[in-house]
Amino acid sequence: MSDAICRYGDSIYQHGLYNDRIYLMKISRDDVPDIISLFEKISNENNYSKIFAKIPASVQPEFLDHGYRVEARIPGLYNGIEDGIFMAKYPDESRSRGVDMEEIRTVITESINKAEKRSNSKLPSGYVLCSCTPEDADAVAGLYGETYESYPFPIMDAGYIRETMKDNFRYFSVKKDDILVAVASTEMHPEEGNVEMTDFATDIRHAGLNLAGNLLDWMESEMKDEGMKVAYTIARALSYPINITFARAGYTIGGTLLNNTNICGSFESMNVWFKTL
């Protein structure tokens, strides 16, 4: 299961019952404020409990006027010049409740503290960094299927992996004995000058070797060469490993998205981390 990805004008959004939300992934200023009214209509028709929007700061006032609130901010997200704002509206306010913010703050604090003790951990002998090709799609989807009970996008589908490879996605992996044991992806937004570092998964039999950290370092180097100015991630708020990985890599916390994503079988809050490349 996954939600539909749709286009309105030059904007792109996702919506559906799987995540019980609307997610504005890419916005064109020309579509504001009409797209806000569209979301009200779609939300009412489907009884969605959350509307979630990633927008440039210049259109923030229109969203504030329609009852949205800021959940996270990334300085210079748009071409290193304009801040990016993650905004949310809750047609069902219960969706915004029941979040253990004290525990989330503990995860963030401990991740930052561990970052101060960062050690440069190289790949163990026998492990190799590899760019993924369409021939790797089955192995990539298989590892995602073993890692995640549910996910907001159909990454367990090899066909989806192959299709996104044709777009602005790149998949990076660690292999051992020619077997894929860790993977992550980058979703580039060239016109915005930013990239999302996402879809991290490690075979549990190879955990504890900092494979994700090595992947992230390599991905950053590649994305810098591609001209991306800012990197960010939307990470599971209560997952120590992924938050520590980004804190150790020098990322800054930008905020927390409440009960945002259907991942691993339930709605989870997500932390936004960012870094200037």
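You'll find the structure just up there.
Residues numbered from 1 in each chain as written. Predicted model: local features only at pLDDT ≥ 70, side-chain atom pairs only at ≥ 80, totals over all residues. Heavy atoms only, no water.

A. Examining the environment of L77 more closely. On the secondary structure map, L77 appears in strand β5 (residues 69-78). In this structure the C-alpha to C-alpha distance between L77 and D178, which are 101 residues apart in sequence, comes to 37 Å. Residues within four places of L77 in sequence aside, it is in contact with K54, E82, D83, G84, E192, G193, N194, V230 and Y232. (Helix = DSSP H or I, 4+ residues; strand = E, 2+ residues; numbered from the N terminus. Contact = heavy atoms within 4.5 Å.)

B. The nonpolar core, seen in detail. Ranked by internal contacts, the top residues of the largest apolar core, which has 35 residues, are F86, Y144, I161 and Y171. Counting residues per element, this core draws most heavily on helix α4 (residues 137-147), at 5 residues. Beyond its immediate chain neighbours, meaning those up to four positions away, I161 contacts A137, V140, A141, Y144, I155 and Y171. Ranked by size, the runner-up nonpolar core spans 34 residues in total, among them I104, Y127, M228 and I242. (Core = buried A, V, L, I, M, F, W, Y, C linked by side-chain atoms within 4.5 Å. Buried < 20%, exposed > 50% of the residue type's maximum accessible area, 1.4 Å probe, protein only.)

C. Here's a closer look at helix α3 (residues 101-115). Relative to the 21 Å expected for 15 residues at 1.5 Å per residue, α3 spans 21 Å between its end C-alpha atoms, a close match to the ideal helical length. For α3, the complete set of buried residues consists of I104, V107, I108, S111 and A115. Down the axis of α3, the buried side of the element spans an arc of 95°, and every buried residue falls inside it. Among the structural elements, α7 (240-248), β12 (252-263) and β13 (266-276) are those in contact with the buried residues of α3. (Expected span 1.5 Å × (residues − 1). Arc of directions from axis to C-beta.)

D. Inspection of the packing of aromatic side chains at higher detail. For the structure shown, the criterion picks out 11 aromatic pairs. With centroids separated by 5.6 Å and ring planes inclined at 80°, the aromatic side chains of F200 and F246 adopt a geometry described as edge-to-face. Placement of the pair is F200 in strand β10 (residues 194-202) and F246 in helix α7, with a sequence separation of 46 residues. Its relative accessible area of 10% is what places F200 among the buried residues. Pairing F246 with Y251 gives two aromatic rings, centres 4.9 Å apart and planes at 85°, and the pair type is edge-to-face. Overall, the relative accessible area of 0% leaves F246 in the buried class. The positively charged end of R95 is found above the aromatic ring belonging to F267, 4.0 Å away from the centroid. A cation over a ring is seen here: K176 above Y127, with NZ or CZ 5.6 Å from the ring centre. (Phe/Tyr/Trp six-rings, centres within 6.5 Å; stacked < 30°, edge-to-face > 60°. Lys NZ or Arg CZ within 6 Å of the ring centre and 35° of its normal.)

E. Focus on the side chain of R21. Relative to the elements of secondary structure, R21 occurs in strand β3 (residues 21-26). Salt bridges are absent for the buried R21, whose nearest opposite-charge side chain, D3, sits at 5.2 Å. Among the polar contacts made by the side chain of R21, one reaches the main-chain carbonyl oxygen of N260 at a distance of 2.7 Å. Leave out the neighbours within four places in its chain, and R21 touches Q14, H15, G16, Y48, K50, F52, R95, P152, N260 and T261. (Lys, Arg positive; Asp, Glu negative; His and termini not counted. Salt bridge = Lys/Arg side-chain N within 4 Å of Asp/Glu carboxyl O. Polar contact = N/O pair within 3.5 Å; in protein donor to acceptor, adjacent residues only side chain to side chain.)

F. Summary view of the packing of α3 against α7. Running from N to C, α3 and α7 point in directions that differ by 45°, and their axes come no closer than 8 Å. Accordingly, the angle class assigned to the pair α3 and α7 is oblique. In this structure, α3 crosses over α7, and the sense of that crossing is right-handed. Contacts between α3 and α7 involve T106, V107, E110, S111, I112, K114 and A115 from the first element and Y240, N243, I244, A247 and R248 from the second. (Axes fitted to C-alpha atoms, helices over the stretch in contact; angles between N-to-C directions. Parallel < 35°, antiparallel > 145°, perpendicular 65-115°, else oblique. Left-handed = near helix turned anticlockwise from the far one by under 90°.)

G. Examining the pairing of strand β8 (residues 169-176) more closely. In terms of burial, β8 is largely enclosed, as 6 of its 8 residues are buried. One ladder, built from 8 bridges, connects β8 with strand β9 (residues 179-189); its direction is antiparallel. Across the sheet, the residue bridging to K175 is L180, located in β9. Hairpin connection from β8 to β9: 2 residues lie between these consecutive antiparallel strands, with D177 at a positive phi of about 55°. (Pairing = 2+ DSSP bridges.)

H. Fine view of the pairing of β13. Examined bridge by bridge, strand β11 (residues 230-236) and β13 share 7 bridges and lie antiparallel to one another. When the sheet's bridge partners are listed, T233 is paired in β13 with W273. In terms of strand pairing, β12 meets β13 through 8 bridges, oriented antiparallel. Bridged to I253 within β13 is W273. What sits between β12 and β13 in their antiparallel hairpin is a turn of 2 residues, with C264 showing a positive phi close to 55°.

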